[in-house]
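Architecture and fold: a report
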Amino acid sequence: MLKIVLLGAPGSGKGTQSATLVEDYGVPQISTGDLLRSAVADQTDLGKKAKAAMDAGELVSDDIVVGMIHERLNQPDTENGFILDGFPRSQAQAEVLDELLDDLGRPLQCVIHLQVDNEELVNRLMARGRADDNEDTIRNRLSVYQDQTEPLVAYYEQRGLLKPVAGVGTVDQIHARIKDALAGI
Ligand code: B4P
């Protein structure tokens, strides 16, 4: 059983580390970024609504993202847990998540906060080169992160759920640090 959130700035390695944790713990990774990109690629109504916000580096509206998460967490493969990657990203999303998990009787065990400085984040994202990885969008995503998502560090710290992990080094080194942090929960 593993019920965790990976919290961190764009490019901090949430997606990269989730993929390795899925193998260790056998629980699904739930990435709102992946779910949104797949809706955009399939040109669904939801994808069409999300695309402009993603291209601009803004957050997609809470009602779209919350609806997706609600549906995903009600699927049976999450019964033994989940790794939430990129959700929640705002105070409103964090509060909805608390209620949702309360209703399901599956409260969070911990929140891993991947810490990476801005210069490294920009370098990584420029090198990745995804559609939303151009310089203007990256700058906006970092500022949106600071304004809307970073307050969740205090939110989860107050609840005694926060585990800070240095997100710089090789992927394997960071993976080992996360496993150490999870060993204590
Ligand atoms: P996401 O898909 O969540 O993307 P991300 O935050 O940019 O990336 P992540 O932290 O997962 O980095 P990764 O491992 O890939 O979001 C995209 C957009 O979707 C958002 O801007 C927003 O518009 C929307 N969205 C998503 N969730 C939302 C929500 N809840 N509410 C509203 N909107 C939402 O790593 C990045 C790069 O670094 C990769 O190239 C990787 O190879 C490299 N890397 C990883 N670890 C490394 C290491 N240790 N050393 C060097 N490079 C490393």
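Read on for an overview of the structure. Predicted model only: the values in this text are computed from it and were never measured. (Residues numbered from 1 in each chain as written. Predicted model: local features only at pLDDT ≥ 70, side-chain atom pairs only at ≥ 80, totals over all residues. Heavy atoms only, no water.)

Turning our attention to the nonpolar core. A general trend in soluble globular proteins is that nonpolar side chains are found buried together. Of all hydrophobic cores here, the largest spans 29 residues; its most connected members are Leu97, Leu108 and Tyr156. Elements with a minimum of two residues in this core: β1 (2–8), α3 (45–56), α4 (62–73), β3 (81–85), α5 (91–104) and α8 (151–158). A total of six residues in this core trace back to one element, the largest contributor, which is α4. Leave out the neighbours within four places in its chain, and tyrosine 156 touches Pro88, Ala94, Leu97, Leu108, Val111, Leu161 and Leu162. In terms of nonpolar packing, the next biggest core, distinct from the first, is built from 14 residues, Val27, Ile112, Leu114 and Ala181 among them. (Core = buried A, V, L, I, M, F, W, Y, C linked by side-chain atoms within 4.5 Å. Buried < 20%, exposed > 50% of the residue type's maximum accessible area, 1.4 Å probe, protein only. Helix = DSSP H or I, 4+ residues; strand = E, 2+ residues; numbered from the N terminus. Contact = heavy atoms within 4.5 Å.)

This part takes up the site of the ligand. Residues in close proximity to the ligand total 30 residues, the closest being Lys14, Thr16, Thr32, Arg128 and Arg141. For the ligand, a nitrogen atom lies 2.7 Å from a polar atom in the side chain of threonine 32. Separating a nitrogen atom of the ligand from a backbone N or O atom of valine 60 is a distance of 3.1 Å. The element best represented in the shell around the ligand is helix α2 (residues 32–41), accounting for four residues. Of the residues in the shell around the ligand, the class split is 10 nonpolar, 11 polar and nine charged. (Near = heavy atom within 4 Å. Polar contact = N/O pair within 3.5 Å; in protein donor to acceptor, adjacent residues only side chain to side chain. Nonpolar A, V, L, I, M, F, W, Y, C, P; charged D, E, K, R; others polar.)

The final tally for this structure, using the stated rule, is one aromatic pair. Relative to tyrosine 156, the ring of tyrosine 155 has its centre 5.1 Å away and its plane inclined at 90 degrees; by these criteria the two rings are edge-to-face. In this pair, the class of tyrosine 155 matches that of tyrosine 156, namely buried. Its end group placed over the ring of tyrosine 155, arginine 159 keeps NZ or CZ at 3.6 Å from the ring centre. (Phe/Tyr/Trp six-rings, centres within 6.5 Å; stacked < 30°, edge-to-face > 60°. Lys NZ or Arg CZ within 6 Å of the ring centre and 35° of its normal.)

In terms of burial, β1 is a largely internal element, seven of the seven residues being buried. Alternating residues of β1 divide into Leu2, Ile4, Leu6 and Gly8 and Lys3, Val5 and Leu7, and every residue in both groups is buried. Inspection of the sheet shows β1 paired to β3 by five bridges, in the parallel sense. Looking at β3, one finds that leucine 6 is bridged to aspartate 85. Of the pairings in the sheet, the one linking β1 to strand β4 (residues 110–115) comprises five bridges and is parallel in character. From the neighbouring strand, leucine 6 faces β4, where its bridge partner is isoleucine 112. (Pairing = 2+ DSSP bridges.)

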